[in-house]
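Structural characterization, general
So you can see what is in the structure, the chains are spelled out below.
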Amino acid sequence: MDSIMFDERRHVLLTGATGHVGGALLPRLLEAGFYVRCMTRDRTKSEFREDERISVIEADVLQPDSLRRAMEGCDLAYYLVHSMSGDGDFAQRDRRAAGHFRDAAAEAGLDRLIYLGGLGREADGLSEHLRSRQEVGRILRQGRVPTIEFRAAMVIGAGSLSFEMVKNLCHRLPVMICPQWLSTQTQPIGTADLVRYLMAAADIELSASEIVEIGTPDTTTYREILAEYSQQNGLRRVFIPVPFLTPWLSGLWLSLVTPETARIGSDMVTGLANPTIVTDSSAERFQIDAMSVDAAIARALAGEAAGHAKA
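The following refers to the structure shown. Because the structure is predicted, anything quoted here is derived from the model rather than measured.

Calculation criteria
Positions within a chain are numbered from 1, following the residues in the order the chain's sequence is written. Per-residue local features of the predicted model are confined to residues with pLDDT of at least 70, and side-chain atom pairs are confined, for both listing and counting, to 80 or more; whole-chain, interface and lining totals are unaffected and use all residues. The side-chain figures draw on all heavy atoms in the structure; neither hydrogens nor water molecules are used. Whether two strands pair depends on DSSP finding at least two bridges between them. The way it works is that DSSP assigns letters per residue, a run of H or I at least four long becomes a helix, a run of E at least two long becomes a strand, and they are numbered from the N terminus. Here an angle of 0 to 180 degrees is reported between the N-to-C directions of two axes, which are lines fitted to C-alpha atoms, with helices fitted over the stretch in contact. For every residue, the accessible area (1.4 Å probe, protein chains only) is compared with the maximum for its type, and the residue is labelled buried under 20%, exposed over 50%, or partly exposed between those bounds. By definition, residues are in contact when any of their heavy atoms lie within 4.5 Å. Between the first and last residue of a helix there are one fewer steps than residues, each counted as 1.5 Å, and that sum is the expected span. Only a pair of cysteine sulfur atoms within 2.5 Å counts as a disulfide in this structure description. In this scheme, roughly parallel covers angles under 35 degrees and roughly antiparallel covers those over 145, while 65 to 115 is roughly perpendicular and the rest are oblique. In this scheme the crossing of two helices becomes right-handed for a clockwise turn of the near helix relative to the far one and left-handed for an anticlockwise turn of less than a right angle. Polarity classes work like this: nonpolar for Ala, Val, Leu, Ile, Met, Phe, Trp, Tyr, Cys and Pro, charged for Asp, Glu, Lys and Arg, and polar for all others, with Gly in that last group.

Strand order in the open sheet formed by seven strands is β3-β2-β1-β4-β5-β6-β11, with parallel pairing between adjacent strands. Bordering the open sheet on either side are β3 (54–58) and β11 (210–213), each of which pairs with just one other strand. Strand-to-strand twist across the sheet, computed as the mean angle between neighbouring axes with direction ignored, equals 20 degrees. Where strand β1 (residues 11–14) lies against strand β2 (residues 35–40), four bridges are found, and the strand directions are parallel. Residue pairing in the sheet places L13 in a bridge with R37 of β2.

Right, here's the structure in full:
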């Protein structure tokens with residue numbers, strides 16, 4: 001098998017490049033002068049236009065041999081892969097995938113790994129989905145390659161799965177049933193700010209693995225996010241709190257209202273019952289002034305109006 005050719009400029013392996021976050025990160029990496037290698041399981045379905053700065057390689061996180069070739073010649077890698085399936089084996093698959101990725105990175109001699117995980121404290125009894133996200137981070141940090149694990153809550157941006165859920169709820173339900181988890185505290189983050197953190201992580205001084213909790217400067221609730229979205233769109237909505245709708249039942253209810261939720265089952269929805277707030281000052285050294293929730297929603301709406309051109 002021929003070796004992959006590369007030059008002196010920094011090379012990045014980008015997983016999840018077709019997702020919301022990866023898609024927003026890719027052009028910023030290119031603008032910054034990186035060579036980007038986008039990893040996909042099926043390159044025939046890839047829509048990337050390859051040139052001297054961007055290439056596509058076929059690999060699978062569950063196939064170690066393919067990862068070794070994907071990482072050859074790279075300096076760092078972004079791990080933006082996680083399962084969003086109701087299949088009970090998703091946590092096991094993510095565990096195996098993280099171990100393969102960690103070991104391949106060490107073998108390739110990468111400078112660092114950058115991973116996007118989820119906020120939440122274990123003491124609060126994390127949902128299976130959030131528990132798996134944090135387990136992946138632990139597995140990556142156990143390797144020889146220093147890893148920055150960003151922990152974030154809901155991502156607010158045009159095309160984000162969680163933001164699409166907010167959008168569909170607000171537009172389809174003039175009267176909205178509000179289960180208790182809609183009062184859960186959270187600190188979401190705008191896509192643009194998340195990308196700024198991910199970009200900064202490529203160059204920030206790093207001698208050991210670390211966890212960085214990120215979010216907006218203000219703490220809010222999911223109900224307040226729905227209300228703010230409605231207000232910015234000129235929608236008059238009525239919110240009726242009920243004490244008996246569990247997160248699991250809420251997931252079934254949401255699957256009838258939002259097609260996106262139907263695709264992922266109730267895994268993400270049950271995670272909304274966990275407080276997802278920033279509990280430390282680990283992000284301060286990045287010196288990023290994150291926008292407010294209101295501003296993030298306004299930017300997401302502007303992005304939708306521009307056809308997702310603006311994250």
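Attention now goes to unusual backbone geometry. Positive phi outside glycine occurs at Q287, with the angle close to 50 degrees. By secondary structure assignment, the location of Q287 is in the loop between α10 (267–271) and α11 (293–305).

Another point: the environment of I148. If you trace the backbone, I148 turns up in strand β6 (residues 147–152). Taking relative accessible area as the criterion, I148 reaches 0% and is therefore assigned buried. When the C-alpha positions of I148 and Y78 are compared, they lie 9.7 Å apart, and in sequence the two are 70 residues distant. Leave out the neighbours within four places in its chain, and I148 touches L113, I114, Y115, A201, I204, L206, E210 and V212.

Turning to helix α4 (residues 128–141), a few remarks are in order. Structural remark: α-helix, 3.6 residues per turn; residues separated by three or four positions point the same way. Over its 14 residues, α4 runs 20 Å from end to end, which matches the ideal 20 Å to within 8%, given 1.5 Å per residue. All buried positions along α4 are accounted for by H129, L130, S132, R133, Q134, V136, G137, I139 and L140.

Joining two cysteines, a disulfide is a covalent bond between their sulfur atoms. Within the structure shown, the criterion is met by zero disulfides. Of the cysteine sulfurs around C170, a residue in no disulfide, the closest is that of C178, at 10.0 Å. In this structure C178 comes out as buried when scored by relative accessible area, which is 3%.

Further remarks concern the packing of helix α5 (residues 161–172) against helix α7 (residues 222–232). Close contact between α5 and α7 brings their axes to 10 Å; oriented N to C, the two are set at 65 degrees. Classified by the angle their axes make, α5 and α7 are roughly perpendicular. Considering how the two elements wind past one another, α5 and α7 form a crossing that is right-handed. Taking contact as the criterion, the partners of F163, V166, K167, L169, C170 and H171 in α5 are, on α7, I225, L226, Y229 and S230. Counted by class, the contact of α5 with α7 contains seven nonpolar, two polar and one charged residues.

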